[in-house]
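Chain by chain, the residues run as shown.
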Amino acid sequence: TALKANDVDEDDVQGVANTIVRHVTTSLARQAGNMDTIAAYQATALSVRDQLIKRWNETTSYHTARAPKRIYYFSIEWLIGRSLDNAVLNLGMKNTYEDASRKLGFNFEDLLNEERDAALGNGGLGRLAACYIDSMATLSLPGWGYGLRYNYGIFKQMLSKTGEQLEAPDPWLDRENPWEIARLDVAYPIRFYGNVEPVANSDKAVWSGGMECLAVAYDTPIPGYATKNCANIRLWSAKPVQGFDLNSFNAGNYEASVHASSEVGNITQVLYPNDNMYQGKLLRLQQQYLWCSASLQDILRRFTKLELPWTQLPDYICIQMNDTHPTIVIAELMRILIDEEDISYDQAWKITTKVFAYTNHTVLPEALEKWEVSLFEKLLPRHLQIIYRINHDFLQQVAKRWPNDNDRLARMSIIEEGTPKYVRMAYLAIVGSFKVNGVAELHSQLLQATIFKDFVEFKGRDHFTNVTNGITPRRWLLQCNPELSALITHSLGSEAWLTNAQLLKNLIPMAEQKEFRKAFDIIKQNNKRRLAEVIEQELGITLNPRSVFAAQIKRMHEYKRQTLNIFAIIHRYLEIKKASPADRKKIQPWTFIFAGKAAPGYYIAKLVIRLIVNVGKIVNNDQDVGDLLKVVFIPDYSVSIAEVLIPAADISVQISTAGTEASGTSNMKLALNGALLLGTVDGANIEIAEDAGEDQCFMFGYLNDQVQQVRYNNSYNPTPLEQRSPELAAVFKHIESGAFGDAGIYDSLLKTVYEHDYYLVSNDFGSYLAAQKLVDELWGGDPEEWTRKAIITSCSMGDFSSDRSVQDYADGIWGVESERVPDN
Ligand code: 26Q
């Protein structure tokens, strides 16, 4: 049945084709006849952009007139991926654009593939921001995202002949970016370094000198689905300002000023490629401050136009901090209110603490941001003073409640004493916010019970809450899995599930119907074949689409335990080798798919990649193994690659040590596309298993409350690996024999397990194998039941729509309401 969004009007098609041709001849300055695929893509994107700008303008004027409370989402990473397909789907114009490009002699799919990913993020946190802005637009919330326009996004990952990760730059702006609008007129001055002079008899100070630069705005419009509302991501680019630092210039310090100006050009050059690992570099702090100061100036300019008293600021704006990366914005608001707006310190603090909310994404100690005081003082001297004052007042309150508890004061201080001293950004974020949240139930509980325990006692339980992460069903089902989307829409009789994912539940009973199972299964097979073709083409590996496709696709990190997976694969390989030809017939075929980048400086994570690639080389070419086992490492994982991988997976591998993965979001994407969860009791896996039903999942491993004890035993009463896990010891022997490259190359990796085994790889190895065995039995024994479970899983994922997450934030934290642009 033709549904509204799919109706194609022939006049519309001709109209769109005309705009595309017009963009070729005008914007691209080419002959209409001289259109290659790249030009066709660019002109098509520009034609879509026209539509977005129209909506962007309507949304902006509507919201300006209505002056509602607005939400600003501050994220230093925006992992958007491609925009063309997503935009035409959200606009409800995909069929129109398909027909229009056909008219012009192009296959729309080919045009889509010309687009480069906007990869201004590392992984989960950056992609979460992208999903949330999609949901904010779709829910018609008055909200913008703020971030940085890096000239280079996350590096391109390549593999050397020996399986080592190589990094190349990602010059994504080399081709013009049709999705951004440069706002060269929207630019704010940003100061670094310099001197602070107190102003007598006041809280004020004058910060001057140092180095000034400009932050220039670039906007990316984000269309909502089935609404005219269009949100915006405003990204800042650093630019030298002419005549900056006149002081040093006039003092004859010409060289120093020129030097400073080249420093400016660097600030927004490149995204830091660490994920879940803090790195205390000056340039990073410069990025954070430039972004926060420019965004805040922009927001306050908008607020001042309302001509309201500053005390009403919290009624009109809320700023959500995506992790601690923007925490400096708290001190920046204080500075502006006190130094520039003549507000007393106490009044400024009252206002400030009603504006901010903070989302934490990790409990891993190595990921918690803390800045050396000396570095901070050099770059942002006034902010450090303000932070000292915040800390002083805060500790006074703590001391009042817990007299003579110096340990507590030391534990809670925003300044970590010692040599050197540090500013603890998470503590500043908690003290300066009215709400703090974790990103899944377990994670939020852990925050409150462990790293933020003192702050719960001080601030009260209500200061802390949970908002479980979500993913946008538009990109992660409608766009990446059009066949399954069509089946869902057809079976539900409407597209309403795209804005109300809870409706998917209504399809659960269909899991009992053979016909539906068959349709579902065929779609999965098609998606698997599509992936197999890509892998054959790109990597020359032939896959068996009848095998279990098990995907572990995420950043490479010890806590995520790609090790557990690759060691289990080697175990499986050895079992196959041992088996007689008759026994081999009973073995279920698997394809293990890995993808993910390692931080360039993360030696162990890079070794894991090397091991995976080299295991693949041996296993994939072993005649004894044949179709029973394939191991694929797909290089340069990205949003657009995820869109091909995820719909093709049968098994979702989510095997972090319990208590380490804050939430995970690939677990949600894979489940939504019908992959069964093979996972530990960690992060959002727990809630996925609850909603899908434990029967649908393969859960295993030590629980969070056992991990501390086991860890302690591992390091203080270490038993030989042979005793902890004889199977794993055999795997290690095989690796050490040189089966996957020269003996010795993996020693430092194996050592992490031989010795403390901080992430419990050896402890969980046996139960991981047992869980895989259950998968084998189901795959080989009852394929109908498998499909049934896949359907139930997929249709139980309504809670994991980012629309639900964003609505939770809007209701529970932001206090903002939908402001939908009227249809006419
Ligand atoms: C900090 C300081 C200096 C340089 C880099 C960083 C930095 C950069 C990125 C620190 C952390 C990150 C990224 C963290 C991240 O992606 N965390 C993931 O967030 C997801 C969304 O909430 C969760 O699903 C994942 O569990 C969590 O690991």
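Further up the page is the structure itself.
These figures come from a predicted structure and were not determined experimentally.

### Overview of the overall build of the protein chain
Of regular secondary structure, the protein chain possesses 34 helices and 24 strands. Its C-alpha atoms give the protein chain a radius of gyration of 27 Å, near enough to 28 Å, the size a compact globule of 824 residues would have. Projected onto the principal axes, the alpha-carbon positions of the protein chain cover approximately 90 × 75 × 50 Å. Here the protein chain, with 824 residues, has 60% of them falling under the buried criterion. By sequence separation, contacts in the protein chain at least 24 residues apart represent 77% of the contacts at least 6 residues apart. Carbon and sulfur atoms make up 50% of the accessible area of the protein chain, which amounts to about 31,800 Å² in all.

### Here's the deal with the nonpolar core
Grouped together as the largest cluster of nonpolar side chains are 242 residues, with contacts concentrated most on Trp-236, Phe-567 and Trp-814. Here this core gathers at least three residues from each of two domains, domain 2 (68-82 + 117-369 + 428-467) and domain 3 (543-782). When neighbours within four sequence positions are excluded, Trp-814 is seen to be in contact with Lys-69, Ile-71, Tyr-73, Met-136, Leu-141, Cys-318, Gln-320, Val-806 and Tyr-809. Counting residues in hydrophobic clusters, the runner-up holds 25 residues, among them Met-35, Val-88, Phe-106 and Phe-108.

### As for the site of the ligand
Close contacts around the ligand come from 21 residues, with Asn-276, His-361, Asn-469, Glu-661 and Gly-664 the closest. Between Asn-276 and the ligand, the recorded distance is 2.9 Å, taken from a side-chain N or O atom to an oxygen atom. In isolation the ligand has 620 Å² of accessible area, and contact with the protein removes 97% of it. Its residues assigned to classes, the shell around the ligand shows seven nonpolar, 10 polar and four charged. Taken domain by domain, the shell around the ligand gets at least three of its residues from each of domain 2 (68-82 + 117-369 + 428-467) and domain 3 (543-782).

### Remarks on the packing of aromatic side chains
Applying the stated criterion across every chain, the model contains 30 aromatic pairs. Arranged with centres 5.3 Å apart and planes meeting at 20 degrees, the rings of Tyr-809 and Trp-814 form a pair that is stacked. Accessibility classification places Tyr-809 together with Trp-814 in one group, the buried group. Here a set of aromatic residues connected by ring pairs shows up, and it is made of Trp-56, Tyr-72, Phe-74, Trp-144, Tyr-146, Tyr-188, Trp-236 and Trp-291. The ring centre of Trp-56 lies 4.6 Å from the NZ or CZ of Arg-183, which sits over that ring. We note Lys-669 situated over the ring of Trp-476; from NZ or CZ to the ring centre the distance is 4.6 Å.

### Quick look at the side chain of Thr-59
One can find Thr-59 in helix H2 (residues 37-66). When residues no more than four places from it in sequence are discounted, the contact partners of Thr-59 are Lys-228, Asn-229, Cys-230 and Val-821.

### Side note on the packing of helix H20 (residues 482-492) against helix H21 (residues 514-539)
Orientation of H20 relative to H21, taken along the N-to-C sense of each, is 160 degrees, at an axis distance of 9 Å. Between H20 and H21, the interaxial angle falls into the category roughly antiparallel. Remark: the crossing between H20 and H21 carries right-handed chirality. Across the interface between the two elements, Glu-483, Leu-484, Leu-487 and Ser-491 from H20 touch Phe-516, Ala-519, Phe-520, Ile-523 and Asn-526 from H21.

### Brief notes about unusual backbone geometry
Look at the link from Thr-419 to Pro-420: it is a cis peptide, with omega at -5 degrees. By the element assignment, Pro-420 lies in the loop between strand E15 (415-416) and strand E16 (422-424). At Asp-757, a position not held by glycine, the phi torsion is positive, near 45 degrees. Structurally, the position occupied by Asp-757 is in the loop between helix H31 (747-754) and helix H32 (761-781).

### Looking at a negative patch on the surface
On the surface, a cluster of negative charge is made up of Asp-7, Asp-9, Asp-11 and Asp-12. If you trace the backbone, Asp-9 turns up in the segment before helix H1 (10-25).

### Considering the packing of H1 against H2
At their nearest, the axes of H1 and H2 sit 8 Å apart, and the two run at 115 degrees to each other. Handedness of the H1/H2 crossing: right-handed. Judged by residue contacts, Val-16, Thr-19, Ile-20, Arg-22, His-23 and Val-24 of H1 engage Ala-43, Thr-44, Leu-46, Ser-47 and Asp-50 from H2.

### Quick notes on helix H27 (residues 685-692)
Since the α-helix turns once every 3.6 residues, residues separated by three or four places project in the same direction. Those residues of H27 that fall on the buried side of the exposure criterion are Asn-685, Glu-687, Ile-688, Ala-689 and Ala-692. The secondary structure elements touched by the buried residues of H27 are helix H17 (441-449), strand E22 (651-654), helix H26 (666-672), strand E23 (676-680), strand E24 (698-700) and helix H33 (783-795). One or two residues past the end of H27 sits Gly-693, with phi positive at roughly 95 degrees.

### Thoughts on the pattern of salt bridges
Per the stated rule, a full pass over the model turns up 51 salt bridges. With a closest N to O distance of 2.9 Å, Asp-85 and Lys-94 form a salt bridge. Each of the two residues, Asp-85 as well as Lys-94, counts as buried. Here Asp-808 ties to Arg-804 by a salt bridge, and the two come within 3.0 Å at their closest N and O atoms. In this pair, Asp-808 and Arg-804 are both assigned in helix H34 (residues 802-814), four residues apart and thus about one turn of the helix distant. In this structure, a network of salt bridges that share partners links the residues Arg-183, Asp-219, Arg-234, Asp-298, Arg-301 and Arg-302.

### Describing the sheet that holds E15
Sheet architecture is open: three strands sit in the order E14-E16-E15, paired in antiparallel fashion. The outermost strands of the open sheet, each flanked by one partner alone, are strand E14 (370-372) and E15. When E15 meets E16, the two strands line up antiparallel, connected through two bridges. Bridged to Glu-416 within E16 is Tyr-422. In the packing of helix H16 (residues 425-432) onto the sheet, contacts are made with E14 and E16, and the angle to E16 comes to roughly 45 degrees.

### Brief notes about the side chain of Arg-517
Mapped onto the secondary structure, Arg-517 falls in helix H21. For Arg-517, a relative accessible area of 12% translates into the label buried. Aside from chain neighbours lying at most four places away, what touches Arg-517 is Ala-511, Glu-512, Glu-784, Thr-787, Arg-788 and Ile-791.

### Some points on the pairing of E22
Residues Ile-651 and Val-653 line one face of E22 and the alternating positions Ser-652 and Gln-654 line the opposite face, and both faces are buried. Pairing of strand E19 (residues 548-553) with E22 involves two bridges; the strand directions are parallel. Among the inter-strand pairings, Ala-550 is bridged to a residue of E22, identified as Ile-651. The sheet contact formed by E22 and E23 spans four bridges and is parallel. The residue of E23 that forms the bridge with Ile-651 is Leu-676. In this fold, E22 hands off to H26, which returns the chain to E23; that crossover is right-handed.

Criteria and thresholds
Chains are numbered independently. Their residues run from 1 in the order of the written sequence. With the structure being a predicted model, the display of local features is reserved for residues of pLDDT at least 70 and the display and counting of side-chain atom pairs for 80 or more, all residues being used for whole-chain, interface and lining totals. Values shown for side chains rest on all heavy atoms present in the structure; no hydrogens or waters enter the calculation. Labels follow the DSSP assignment, with helices taken as runs of H or I lasting at least four residues and strands as runs of E lasting at least two, numbered in each case from the N terminus. Each radius of gyration is computed over the set of C-alpha atoms, and the globule rule expresses the reference value as 2.2 Å times the number of residues to the power 0.38. Relative accessibility decides the category of a residue: with a 1.4 Å probe and only protein chains considered, values under 20% of the type maximum give buried, values over 50% give exposed, and everything between is partly exposed. The contact definition used throughout considers only heavy atoms, calling two residues in contact when any of these lie within 4.5 Å. A 1.4 Å probe and the Shrake-Rupley method give the accessible areas. Residues count as covered only by the protein chains that appear here. The term nonpolar core refers to a set of buried residues drawn from Ala, Val, Leu, Ile, Met, Phe, Trp, Tyr and Cys, joined through side-chain atoms within 4.5 Å. Residue ranges assigned to each domain were obtained from an automatic or database domain assignment. One heavy atom within 4 Å of a molecule or strand is enough for the residue carrying it to be called near that molecule or strand. Counted as a polar contact is a pair of N or O atoms within 3.5 Å, where, for protein atoms, one must be capable of donating a hydrogen and the other of accepting one, and residues adjacent in sequence contribute only when both atoms are in side chains. The nonpolar class holds Ala, Val, Leu, Ile, Met, Phe, Trp, Tyr, Cys and Pro. Asp, Glu, Lys and Arg form the charged class, and all remaining residues, Gly among them, are polar. Centres within 6.5 Å are what make two rings of Phe, Tyr or Trp a pair, Trp counting through its six-membered ring; a difference in plane orientation under 30 degrees is then read as stacked, over 60 as edge-to-face, and the rest as tilted. Geometrically, a lysine NZ or arginine CZ counts as sitting over a ring once it is within 6 Å of the ring centre and also within 35 degrees of the ring normal. The axes used here are C-alpha line fits, helices contributing only the stretch in contact, and every angle between their N-to-C directions lies in the interval 0 to 180 degrees. Here is the rule for angles: anything less than 35 degrees is roughly parallel, anything more than 145 is roughly antiparallel, 65 through 115 is roughly perpendicular, and the remaining ranges are oblique. Take the far helix as the reference: if the near one is turned anticlockwise from it by less than a right angle, the crossing is left-handed, and if turned clockwise, right-handed. To count toward a patch, a residue needs a relative accessible area over 30% and no salt bridge; like charges are then connected within 9 Å, while nonpolar side chains (Val, Leu, Ile, Met, Phe, Trp, Tyr) are connected within 5 Å. For this analysis, a salt bridge means a side-chain nitrogen from Lys or Arg found within 4 Å of a carboxyl oxygen belonging to Asp or Glu. Under this rule, positive means Lys or Arg and negative means Asp or Glu; His and the chain ends count for nothing. Here the site of a charge means NZ on Lys, CZ on Arg, CG on Asp, or CD on Glu. Strand pairing is defined by DSSP finding a minimum of two bridges between the two strands. Handedness of a crossover: with both strands directed away from the viewer, a clockwise path from the first strand across the helix to the second marks it as right-handed.

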